[in-house]
Amino acid sequence: LESILKSWRLTVDGLVAYPGTFSFCDLRDLGLTDYLVDFHCVEGWSIYDVPWTGVPISKLLDIVQPKDEATFLKITCIGGTYTESLPIDVAREDKSIIAMGIDGNTLPLKHGFPCRIVVPRLLGYKNPKYIERIELVTTEHVGFWPQFGYTVEGAVPPERLREGKF
């Protein structure tokens, strides 16, 4: 994992005033917050009260300052095969984070080390692991799973959402 951290960077660019590249430590130094939220899979299962640690996506957006015409985040993961998108207003919600830890520890590799997106009110496929680029764009990007029939929006059905956990 140490060798991954030496070379890993998160680039935030596209329709922004101040494009940036952030190391793991740069993100950590923005100030980490703990979140206790639910995680929902498209297959119908949920994990309740997941203890994530991360940085609000809104904090990162405040640094790069999206231009007025930017309405979506296009997210690209390491290797470039897995991509996803989020509306900028959803990315700015209080519990939408760049997760760097879980259960008091750094994310395990299988859960997206070094960083992943967590948006509790969206299904798991809208929470990409191993992120390396966030590009601000004007149009919604059809990500990896929506190409195979999953909805682009990826909203958790309301009856699965628990108050305060999304």
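**Describing the nonpolar core**
At step 1: By size, the foremost hydrophobic cluster in this structure holds 33 residues, and its most contacted members are Leu86, Ile98 and Ile134.
At step 2: Not counting the four nearest positions on each side in its chain, Ile134 is found in contact with Leu10, Thr11, Val12, Asp13, Leu60, Leu73, Lys74, Ile75, Ile98 and Ile117.
At step 3: The next biggest cluster of nonpolar side chains, apart from the first, holds 11 residues, and it includes Tyr35, Val37, Ile102 and Leu107.

**Remarks on helix H3 (residues 57-64)**
At step 1: Buried within H3 we find Ile57, Ser58, Leu60, Leu61 and Val64. One side of H3 holds all its buried residues, which, seen down the axis, span an arc of 160 degrees.
At step 2: Note on H3: the residue one or two positions beyond its end, Gln65, has a positive phi of about 55 degrees.

**Focus on the environment of Ser46**
At step 1: Along the chain, the position of Ser46 falls in strand E4 (residues 46-56).
At step 2: Taking C-alpha positions, Ser46 is 10 Å from Val156, a pair spaced 110 residues apart along the chain.
At step 3: With near-sequence residues (within four places) excluded, Ser46 lies in contact with Phe39, His40 and Arg160.
At step 4: Within the local environment of Ser46, its side chain forms a polar contact with the side chain of His40, the two groups lying 2.6 Å apart.
At step 5: At a separation of 3.2 Å, a polar atom in the side chain of Ser46 contacts the side chain of Arg160.

Definitions and cut-offs
Every chain is numbered independently, its residues counted from 1 as its sequence is written. Per-residue local features of the predicted model are confined to residues with pLDDT of at least 70, and side-chain atom pairs are confined, for both listing and counting, to 80 or more; whole-chain, interface and lining totals are unaffected and use all residues. Working from all heavy atoms in the structure, the side-chain values ignore hydrogens and water. Throughout, nonpolar core names a set of buried Ala, Val, Leu, Ile, Met, Phe, Trp, Tyr and Cys residues whose side chains join them through atoms within 4.5 Å. Only protein chains enter the accessibility calculation, which uses a 1.4 Å probe; a residue whose area is less than 20% of its type maximum is buried, one above 50% is exposed, and one in between is partly exposed. Any pair of residues with heavy atoms lying within 4.5 Å of one another is described as a contacting pair. The helix count covers DSSP runs of H or I at least four residues long, the strand count covers runs of E at least two residues long, and both are numbered beginning at the N terminus. By arc we mean the arc of the directions from the helix axis to the C-beta atoms, nothing more. Residues adjacent in sequence count toward polar contacts only when both atoms are side-chain atoms; beyond that, a polar contact is any pair of N or O atoms within 3.5 Å, and within protein one must be able to donate a hydrogen and the other to accept it.

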